[in-house]
Amino acid sequence: MLKIKNLNKSYGARKVLNNLNLNIDTGQIYGLLGANGAGKTTTINIICNLIQADSGYISIHNQPITDDTKALIGIAPQENLLYKTLSCEENLTFFAQIYGLRARTCREQVLKTLADVKLFDRAKSPVETLSGGMQRRLNMAVALVHQPKLVILDEPTTGLDIEARYEIWELIKQLKNQGITILLTTHLLDEAERLCDKIGILKNGQILAEGNLEQLRQYIPADEVVTIKTPNEEKAIALAQEYGFTPRRYGSDLTFLIPEALELKEIIARFEGVDIDSISRQPVRLEHIYLEVTQQDSVKSNNVR
Ligand SMILES: Nc1ncnc2c1ncn2[C@@H]1O[C@H](COP(=O)(O)OP(=O)(O)OP(=O)(O)O)[C@@H](O)[C@H]1O
């Protein structure tokens, strides 16, 4: 449904998108992950025809992106685009009219969308009286009111409490069930893990890794990760490497990628002679894969990345 091939974009000497390739199938939730400045917003702006790429190909529903394809796309930007003193219904009506919805269709669609985002009973409430989560859902309603084929959700749950997050996640799942294709950007890797059918990891304007969680696992040589606290880090690293455990630093944590399933006592036995203050283990998660993919070029002290 969305095809991006060899997309390039520079601002002056700064190359922001570097031969970007990305494909989203109809009905998929695609998670675009990347650090601040990786090029996510630039990509979104090109999809929405707000800025032009320098070169490359991009199409939606097999149509090259133009002003005509804007109607196929709905975007809920990072910052809520809402008029605080207007009611939910007035906000949504305003945006529906911008999209060209007329009179009866417009009112029907506004009320239906308010119901879809569970704000029907707050239709007459001014935005400023809504909770942060409700405002975020109304911001999503703006993206949905003209019934687009592709919805772009730019960090939809950033800054929300866990209950409000769950409500947004439910809403995103409902959109998927309705057959809507979704491009989601997020810095919350558990959110991506929970929702996305396919994930693309973006760095310096390039997709470094792409696939579902199972496919992304090939980027990390481990079944699980073990974090230890010890005053004898050098010794622990040397011993671990002998046993094929790959050392990594996540922040100040010393962690080892363990390539095979082992009992905890077997793992501890590998660190014989090392004073261990604490040890914890967890299965490989998206955050580990993400760090593995994005930090491949950065070597830190002890040759431990
Ligand atoms: N109009 C512009 N002029 C010059 N540089 C720009 C412009 N827009 C973006 N950039 C630069 O392009 C790079 C990519 O920015 P972009 O906003 O696409 O990143 P991002 O992945 O969306 O980051 P974030 O997670 O912070 O939103 C950044 O280095 C940014 O400073």
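Numbering of residues begins from 1 in every chain and follows the order in which that chain's sequence is written. A pLDDT threshold of at least 70 governs which residues receive local features in this predicted model, and a stricter bar of 80 or more applies before side-chain atom pairs are shown or counted, although totals over entire chains, interfaces and linings include all residues. Neither water nor hydrogens contribute to the side-chain values; these are computed over all heavy atoms in the structure.

- Looking at an unreviewed UniProt entry, one finds the chain named ABC transporter ATPase and attributed to Dulcicalothrix desertica PCC 7102.
- UniProt positions are given in the numbering used here, feature names are shortened, and annotations may be inferred rather than shown by experiment. According to the UniProt record, the Sequence similarities (unreviewed entry) comment for the chain is "Belongs to the ABC transporter superfamily."

## Some words on the overall build of the chain
Link 1 in the chain: In terms of regular secondary structure, the chain is built from ten helices and 14 strands.
Link 2 in the chain: When the 305 residues of the chain are sorted by exposure, 49% land in the buried category.
Link 3 in the chain: We call two residues in contact when some of their heavy atoms are within 4.5 Å. In the chain, the proportion of contacts linking residues at least 24 apart, taken out of those at least 6 apart, comes to 68%.
Link 4 in the chain: Values of accessible area rely on a 1.4 Å probe in the Shrake-Rupley scheme; residue burial ignores everything except the protein chains shown. Here the chain has roughly 14,800 Å² of accessible surface; of this, 48% comes from carbon and sulfur atoms.
Link 5 in the chain: With 35 positive and 38 negative side-chain charges, the chain shows a separation of 6 Å between the mean positions of the two kinds. Secondary structure counts use DSSP, requiring at least four H or I residues in a row for a helix and at least two E residues in a row for a strand, with both numbered from the N terminus. Here's how the labels work: a residue is buried when its accessible area is under 20% of the maximum for its type, exposed when over 50%, partly exposed in between, all with a 1.4 Å probe on protein chains only. Working convention for charge: Lys and Arg count positive, Asp and Glu count negative, and His plus the chain ends are omitted. Charge coordinates come from a single atom per side chain, which is NZ of Lys, CZ of Arg, CG of Asp or CD of Glu.

## A closer look at the confidence of the model for the chain
Link 1 in the chain: The score called pLDDT rates the predictor's confidence residue by residue, from a low of 0 to a high of 100. Summing up the model confidence of the chain, the mean pLDDT is 93 and the portion of residues at 70 or higher is 97%.
Link 2 in the chain: For residues 298–302, every residue scores under 50 in pLDDT, and the model assigns this stretch six contacts once sequence neighbours within four places are set aside.

## Description of helix α2 (residues 88–98)
Link 1 in the chain: If you check which residues of α2 are buried, you get Cys-88, Glu-89, Asn-91, Leu-92, Phe-95 and Ala-96. The arc that holds the buried residues of α2, viewed along the axis, is 160°, so those residues lie on one side.
Link 2 in the chain: Looking at the packing, one finds that the buried side of α2 touches α3 (103–116) and α4 (132–144). The arc in question is traced by the directions running from the helix axis to the C-beta atoms.

## A look at the domain arrangement of the chain
Link 1 in the chain: Where each domain begins and ends is defined by an automated method or by a domain database. Examined at the domain level, the chain breaks down into domain 1 (2–211) and domain 2 (221–303).
Link 2 in the chain: Of note, the centres of domain 1 and domain 2, computed from C-alpha atoms alone, are 37 Å apart.
Link 3 in the chain: Counting residues at the interface gives twelve residues for domain 1, matched by seven residues for domain 2.
Link 4 in the chain: Here's the idea: put two parts together, see how much 1.4 Å probe accessible area each one loses, and the total over both is what we call buried area. When residues of domain 1 are sorted by the area they lose upon contact with domain 2, Leu-189, Glu-193 and Ile-201 head the list and together hold 54% of the total.
Link 5 in the chain: Note on definitions: salt bridges are taken to be side-chain nitrogens of Lys or Arg within 4 Å of carboxyl oxygens of Asp or Glu. At the surface where domain 1 touches domain 2, the tally comes to one salt bridge.

## So, the site of the ligand
Link 1 in the chain: Inspection of the region around the ligand gives 13 residues, with Arg-14, Gly-37, Lys-40, Thr-41 and Thr-42 positioned closest.
Link 2 in the chain: Between N or O atoms, a polar contact is any pair within 3.5 Å; within protein, one atom must be a potential hydrogen donor and the other a potential acceptor, and residues adjacent in sequence are included only when both atoms are from side chains. Contact between the ligand and Gly-39: an oxygen atom at 2.9 Å from a main-chain N or O atom of the residue.
Link 3 in the chain: Within the side chain of Lys-40, a nitrogen or oxygen atom sits 2.8 Å from an oxygen atom of the ligand.
Link 4 in the chain: About the coverage of the ligand: the protein hides 63% of its 640 Å² of free accessible area.
Link 5 in the chain: Sorting the residues of the shell around the ligand by element identifies β2 (14–24) and α1 (40–47) as the ones contributing at least two each.
Link 6 in the chain: Per-element accounting of the shell around the ligand gives the leading share, three residues, to α1.
Link 7 in the chain: For the shell around the ligand, a count of residues per class yields four nonpolar, seven polar and two charged. A cutoff of 4 Å decides nearness: a residue is near a molecule or strand if any of its heavy atoms lies inside that distance of it. Here the term charged refers only to Asp, Glu, Lys and Arg, the term nonpolar to Ala, Val, Leu, Ile, Met, Phe, Trp, Tyr, Cys and Pro, and the term polar to all other amino acids, Gly among them.

## Here we look at the sheet that holds strand β5 (residues 63–64)
Link 1 in the chain: DSSP calls a pair of strands paired once it identifies at least 2 bridges connecting them. Strands sit in the order β2-β1-β4-β5 across an open sheet of four strands; the sheet is antiparallel. In this open sheet, the two strands that pair with only one neighbour each are β2 and β5.
Link 2 in the chain: Here the axes come from fitting lines to C-alpha atoms, over the contacting stretch only for helices, and the angles between their N-to-C directions go from 0 to 180 degrees. Packed on one face of the sheet, α1 meets β1 (2–11), β2 and β4 (55–60) and runs near 115° to β1.

## What about the packing of α2 against α3?
Link 1 in the chain: In contact at an axis separation of 10 Å, α2 and α3 are set at 125° when each is read in the N-to-C sense. Regarding the angle of α2 to α3, the classification is oblique. Read as a crossing pair, α2 and α3 show a hand that is right-handed. For the pair α2 and α3, the contacting residues are Cys-88, Glu-89, Leu-92, Thr-93, Ala-96 and Gln-97 in the first and Cys-106, Arg-107, Val-110, Leu-111, Thr-113 and Leu-114 in the second.
Link 2 in the chain: Here the residues of the contact of α2 with α3 sort into seven nonpolar, three polar and two charged. Any angle that is under 35 degrees is reported as roughly parallel, and any over 145 degrees as roughly antiparallel; angles of 65 to 115 degrees are reported as roughly perpendicular and all others as oblique. Rotating anticlockwise by less than a right angle from the far helix to the near helix defines a left-handed crossing, while the corresponding clockwise rotation defines a right-handed one.

## What about the sheet that holds strand β13 (residues 253–258)?
The pairing of strands in a sheet happens through backbone hydrogen bonds and is either parallel or antiparallel.
Link 1 in the chain: In space, the four strands of this open sheet follow the order β12-β13-β11-β14, with antiparallel pairing throughout. In this open sheet, the two strands that pair with only one neighbour each are β12 (246–250) and β14 (278–283). The sheet shows a mean angle of 30° between the axes of neighbouring strands, direction not considered.
Link 2 in the chain: Summarising the sheet, β12 and β13 pair through five bridges and their orientation is antiparallel.

## Quick notes on the packing of α4 against helix α5 (residues 162–177)
Link 1 in the chain: Contact geometry for α4 and α5: axes closest at 9 Å, N-to-C directions at 20°. As the angle between them shows, α4 and α5 are arranged roughly parallel. In this structure, α4 crosses over α5, and the sense of that crossing is right-handed. In contact with Gly-133, Arg-136, Arg-137, Met-140 and Leu-144 of α4, α5 contributes Ala-164, Glu-167, Ile-168, Leu-171, Ile-172 and Leu-175.

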